[in-house]
Structures are given as C-alpha cells and as structure tokens.
Amino acid sequence: TFAAQSTCQVQSGYNLNHFDSGSILTMNFIETRGNDGKRPAYVSFSQAILNPMASFGGLYVPEYLPDLGESFLDKHLDSDYKTLARDVLAAFELDIAPSVIDEALALYDGFDDPKHPVPVVRVRDDLYVSELYHGPTRAFKDMALQPFGKVLSSLAQARAEHYLILAATSGDTGPATLETFKGRDNVKVACLYPDGGTSDVQRLQMVTEDAPNLQVIGIKGDFDDAQSALKSLLSSETFHARLAEKQTLLSAANSVNFGRIIFQQIYHIHSYLELVR
C-alpha cells in the first residue's frame, strides 16, 4: 500500500528530493525467511542494496515480479541494450534517481562495442551464445557490477555514509568488484579469495589493483570458506559494532545482494530479443 511504501522510504533516510522526477511510489523488498523483529520486514531497493542481509540469514527480494509480457517485448524489439535496461529497471519502481541510473548504464559504453555490450553470436544454425566477457575485466560479472558500483557509491554519498563492501570470489567476482569500486567515494572494499584457488590471471587482476580504497585477502581454504566468512561477517553484531566505531556500515557485492541480480537478469531478456531479431 501507499502507506507502507511511504513508511519504508522514511525509514530508509533516502532524500526523495534527490529524484529528478517521477512518482514517490516504489516497490517493497521483502525477506525470504520471515522477520526476526530486529530487521525491517519491508525495505526499498536502496535499503536492500546497502543492507542486503535479511532476518535469519535470508535475503531481500522484490515483493512481486513486474509483468514484462508481450507488449513490453514488442516495445523493445528494436531497442538498444541501455534502453531495454532502463525500462526493465523502471518496471521494478526503484527509489534511485533516473540520473544515477543513466550514469550507471553509461558504464556499458566502456565495453568493447558500446552499442552491443552483449553480442549474441551464432555458433551453428540452431545454437547461439551470449558473449558476456566484453567488459573491463573480461568476467561476466562486469555486466552487473559495473552499474552496481556506481549506484551503491551514489547512494552512500547521498546519505553521507561510508561503507565497507565485502566480496568473496572464486575468480570472477573479485576483479569485477575491485574494478567498479576503485577510487569511488564513500566506499572501501575487502575482497576474499582462496589462495591458490583462482587462475594466475585472476589473482594478478586482484593483487595488482592499487587504489587506496581496496584490500585483497588470500585465505587458506576454498571459495566456500570465503563465502562462509563473508556471510558470517555480514551477520556478526560484533563486526558491525566495530565498524560503527569507525563510522562505517557494511554491505556486500556478491549475489546475496539483489543489486547484483537485478542487473544480471537484463541480459537474458536482451538475448531473447536478439534471437527474435
């Protein structure tokens, strides 16, 4: 309801005057495992990005999926990737300023072919492949993390808050996360990777990043250990309290964050439309 959505936005602390235009109605994001009485049961998209962990180790996900039916697909039959992405995001009624969305999507202009960041290539007559490796780190995670980094950093700056972004990687998420957040204001990144468990190229992509807001940590163990450490830290009241002493909040760049997932789903819709074309 409007009342619930309005309350949700007041709790978020997000300045609605930051919007360029449009309605203040936004979609609620809900918890996957029920509510523990400590965390909000309903949040806005900006809250879900900044604080992705919900009650009982669950996640925040959209209250419903928007209808992207035949009329939506017809409308975008001749759209470029950024136009399609802008309308998919709009269907989720996000509480993000249109100017921030435009700046985030503009990062696809840095891919190999700005007009076609996701080429759909014929392998043989009845088989096509979506090429997702044309971003700055050659990882498919660039498709989501390039715009995600811009959105999260913009939210942090608008709220005058500082965030530590955790990432656990088996080799793809790490380089893409470090690349998108390097040098950005109000965010620092700690990236955990299994020492000896990535390719040499992926390890070098991470350990040679030299931006002052990035830290890369090789751990003894595999990716599951890195992921477990990330989830443990995200839910640790002690760790949150230690960061609070440094006026720092905690978020994550892995797909526990719906800010990642919302950008990843776009290229599936794009690839379908490419096949139709």
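Everything quoted here is computed from the prediction, not taken from an experiment. All residue numbers refer to positions counted from 1 along the written sequence of the respective chain. Residue-level local features of this predicted model are given only where pLDDT is at least 70; pairs of side-chain atoms are given and counted only at 80 or more, and the full residue set underlies all totals for whole chains, interfaces and linings. Calculation of side-chain values draws on the structure's entire complement of heavy atoms; hydrogens and water are dropped beforehand.

Undergrad: Which residues make up the sheet that holds strand S6 (residues 163-168), and what are the values?
TA: One open sheet accounts for 4 strands, arranged S8-S7-S6-S9; its pairing is parallel. For this open sheet the edge positions go to strand S8 (214-219) and strand S9 (249-252), each flanked by a neighbour on one side alone. Adjacent strand axes in the sheet meet at a mean angle of 20 degrees, parallel and antiparallel pairs treated alike. Contact criterion: two residues are considered in contact whenever any of their non-hydrogen atoms come within 4.5 Å of each other. Here the axes come from fitting lines to C-alpha atoms, over the contacting stretch only for helices, and the angles between their N-to-C directions go from 0 to 180 degrees. Secondary structure elements are defined from DSSP: runs of H or I of at least 4 residues count as helices, runs of E of at least 2 residues count as strands, and each element is numbered from the N terminus. Together, S6, strand S7 (187-194) and S8 form the strand contacts of helix H7 (residues 173-181), whose direction differs from that of S7 by roughly 165 degrees. Packing against the sheet, helix H9 (residues 223-234) makes contact with S6, S7, S8 and S9, and its axis sits at approximately 155 degrees to S6. Should DSSP find at least two bridges between two strands, the strands are taken to pair.

Undergrad: Can you lay out the environment of Leu-155 for me, pointing to particular residues and giving the numbers?
TA: With respect to the element layout, Leu-155 can be found in helix H6 (residues 142-158). Relative accessibility under 20% of the residue-type maximum defines a buried residue, over 50% an exposed one, and the middle range a partly exposed one, all with a 1.4 Å probe and only protein chains included. On the basis of relative accessible area, Leu-155 is assigned to the buried category, the value being 2%. Along the sequence, Leu-155 and Asn-186 sit 31 residues apart, while their C-alpha atoms lie 9.3 Å from each other.

Undergrad: I'd like to hear about the nonpolar core, residue by residue, with values.
TA: General note: in soluble globular proteins, nonpolar side chains tend to be found buried as a group. Counting residues in hydrophobic clusters, the biggest one holds 56 residues, and the most contacted among them are Phe-29 and Phe-263. It is H6 that provides the largest number of residues to this core, a total of 8 residues. For Phe-263, the contacting residues outside a window of four places in its chain are Tyr-81, Leu-89, Leu-105, Tyr-108, Met-143, Ala-144, Pro-147, Phe-148 and Val-151. Definition used in this section: a nonpolar core is a set of buried Ala, Val, Leu, Ile, Met, Phe, Trp, Tyr and Cys residues joined via side-chain atoms within 4.5 Å. Within the second largest apolar cluster, 14 residues are counted, among which are Leu-164, Ala-168, Leu-192 and Leu-234.

Take it as geometry only, folks, not as evidence of what the structure does.
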